[in-house]
Structure formats: C-alpha cells, structure tokens
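In case you want the letters, here they are:
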Amino acid sequence: MLSSSFLVVPDGVSLLWAAKFLQSSLKGRVNGTDLFEKLCAIAAEKQLKIFLLGGRPGASDKAKEVLEKRHPNLQIVGTYCPPYGFESQPEELAIINSKIREAKPDILFVGLGSPKQEYWIYGNYKTLNVPISIGIGVSFELVGSMVKRAPLWMQKSGLEWFFRLLMEPQRLWKRYILGNPLFVWLVLKQRIGVSKFE
C-alpha cells in the first residue's frame, strides 16, 4: 500500500531515530499538521480547491473556519465527518465518494488516523479523480484548536507524542504504551537480522 504512494514522509521523530539506528538516515521530520497548513497556504496562492474529510465531529468545519480567516483566497469546497465504523458501511462510503466527486477538489486532506486513512485513500483514490490525496491524522483538531499542540520545545526534542498522551490518555494509551515497545522491537529485529529470531 505505502509502496504505491507517490510520496511518503516521516511524521514522527521515532522514525528519524530508527532510520539513524539502521544507518539509513532521513533528512528530517515532516510533521503532518505543518504540511497541512503549508499546503493550504500554497492552495490559496495557486487557487487550488481543497476538501477536508474526517476528524472528530466538528473538527473539519472548525479547521475550515480558521484556515479561511488566515487565507481569505482559500477555496475549501467541502468538509465531511463520517460516522464511526463508516469503513464497513457501503452506503456511507458511497455518500463520501459522491460528496468528493461533486466538489471536484484539487487536494483531498484525509484526517482518519493511521493506518485507516492510508487504507481508505488506497482503496478510493482511483475512483475520485482527485490529483492529490494526503493523510494528515489529527491535524483538523490541532488547527481548529480542539486539541492542544505540544510546546515547540517538546516538538523539537521528540516529546510531542508524550504531550499528546498526557492530553488524551484514554484515546492514545494503547498506541504509545503498547505501540512504542513493539516499534522498538521491530527496529531491533531489523538491525540484528530477522533470521536470528526465527
């Protein structure tokens, strides 16, 4: 799935650390929210139309409000927050695709969380006729100030994940408390060689 993407960027600092440990250094981190905001600024300049799909209820509308105040020329041609479990509801999937096709955006931002957003993009991009589809996680909530972003010093020191865990422990504890050790284990396996563990 990811191998068929036109572009894959490292969002988390842990990916930079892992790449360095595996002696395959990456140039730097590309934060999803920063990318989202920068591309919206470019879209306003180039008169490109954008669509915001996903986020928690009200998040895409709030992000739209903030971004249109920031960039008066920005054309946000649609927002939609699908209900929980939409991916297994054919009628809901048809509604989503219909809304996007009717709006005819140049850029589709998908905030469904990883890996759901990547699977959805992969499964639908060919039928949508949208030139660019980008998964941006919780960016609608951050831009709309529904979720507080970590202080700059925490972002730069690789502790943004810890700040997010403190802000939303019930939602994120599995990802970080269970996911982080698993990620470290997988990186170690890759470094040492999978064959030694089989």
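Note that the coordinates shown come from a computational prediction; the quantities given were computed from them, not determined experimentally.

Asker: Which parts of the structure should I look at to understand the packing of helix α8 (residues 160-167) against helix α9 (residues 169-192)?
Answerer: Between two packed helices, both the angle of their axes relative to each other and the distance between the axes serve to describe the pair. α9 packs onto α8 with a crossing angle of 140° between their chain directions and a minimal axis gap of 7 Å. Judged on the interaxial angle alone, α9 and α8 are oblique. Pair α8 / α9 crosses with left-handed handedness. Residues W161, R164, L165, L166 and M167 of α8 lie in contact with α9, whose contacting residues are P169, R171, L172, W173, R175, Y176, I177 and N180. Of the residues that constitute the contact of α8 with α9, the class distribution is nine nonpolar, one polar and three charged.

Asker: Before we go on, may I ask you to explain the nonpolar core in this structure?
Answerer: One broad rule of soluble globular proteins: the nonpolar side chains tend to lie buried together. Counting residues in hydrophobic clusters, the biggest one holds 19 residues, and the most contacted among them are F36, I50, L52, L74, F109 and F140. Listing elements by their share of this core, those giving two or more residues are α2 (32-46), β1 (49-54), α3 (59-70), β3 (107-111) and α6 (139-143). Among the elements that line this core, the one with the most residues is α2, at five residues. Residue contacts for F109: discarding those within four places in its chain leaves F36, L39, C40, I50, F51, L52, L53, I134, I136 and F140. If you look at the next biggest cluster of nonpolar residues, it comprises 14 residues, including L53, Y80, F86 and I100.

Asker: Explain the sheet that holds β1 here, please?
Answerer: Backbone-to-backbone hydrogen bonds pair the strands of a sheet. The strands run either parallel or antiparallel. Read from one edge to the other, the open sheet built from four strands follows the order β2-β1-β3-β4, with strand pairing classed as parallel. A single partner strand is all that each edge strand has here, and the edge strands are β2 (75-80) and β4 (132-135). Each strand axis lies, on average, 20° off the axis of its neighbour in the sheet, ignoring direction. In terms of strand pairing, β3 meets β4 through four bridges, oriented parallel.

Asker: What is the right way to look at the packing of helix α4 (residues 90-103) against helix α5 (residues 116-128) in this model?
Answerer: With their axes 11 Å apart at the nearest point, α4 and α5 run at an angle of 50° to one another. The angle between the axes of α4 and α5 places the two elements in the oblique class. You can see that α4 and α5 cross each other, and the crossing is right-handed. Listed contacts from α5 to L93, I96, N97, I100 and R101 of α4 are W120, N124, T127 and L128. Each residue belonging to the contact of α4 with α5 can be placed in one class, and the counts come to five nonpolar, three polar and one charged.

Asker: Honestly, a nonpolar patch on the surface in this entry has me stumped. Any pointers?
Answerer: Taken together, F21, L182, V184, W185, L186, L188 and I192 make up a surface patch of nonpolar side chains, about 620 Å² in accessible area. Checked against the element boundaries, W185 lands in helix α9.

About the criteria used
- Along every chain, residues carry numbers that run from 1 in the direction the sequence is written.
- Predicted model: local features are reported for residues with pLDDT of at least 70 only, side-chain atom pairs are reported and counted for 80 or more only, and whole-chain, interface and lining totals are derived from all residues.
- Side-chain calculation: all heavy atoms of the structure are included, whereas hydrogens and water are not.
- In this analysis an axis means a line fitted to C-alpha atoms, helices contributing only their contacting stretch, and an angle means the value between N-to-C directions, from 0 to 180 degrees.
- The helix and strand labels rest on DSSP assignments: H or I over at least four residues marks a helix, E over at least two residues marks a strand, and numbering proceeds from the N terminus.
- Angles are sorted into four bins: roughly parallel if under 35 degrees, roughly antiparallel if over 145, roughly perpendicular if 65 to 115, and oblique for all others.
- Definitions for this section: a left-handed crossing has its near helix turned counterclockwise from the far helix by less than a right angle. A right-handed crossing has that turn clockwise.
- A contact between two residues is defined here by any heavy atoms of the two lying within 4.5 Å.
- Under the scheme applied here, ten amino acids are nonpolar (Ala, Val, Leu, Ile, Met, Phe, Trp, Tyr, Cys and Pro), four are charged (Asp, Glu, Lys and Arg), and all others, including Gly, are polar.
- Among the buried residues, those of types Ala, Val, Leu, Ile, Met, Phe, Trp, Tyr and Cys that are joined through side-chain atoms within 4.5 Å form a nonpolar core.
- Relative accessibility thresholds used throughout: buried, under 20% of the residue-type maximum; exposed, over 50%; partly exposed, between the two (1.4 Å probe, protein chains only).
- Any two strands between which DSSP finds at least two bridges are classified as paired.
- Excluding any residue in a salt bridge, patches collect residues exceeding 30% relative accessible area, merging like charges within 9 Å and nonpolar Val, Leu, Ile, Met, Phe, Trp and Tyr side chains within 5 Å.
- Accessible surface is estimated by sampling points in the Shrake-Rupley manner with a 1.4 Å probe; for residues, cover comes only from the protein chains shown.
- Each salt bridge in this description consists of a side-chain nitrogen of Lys or Arg and a carboxyl oxygen of Asp or Glu lying within 4 Å of one another.

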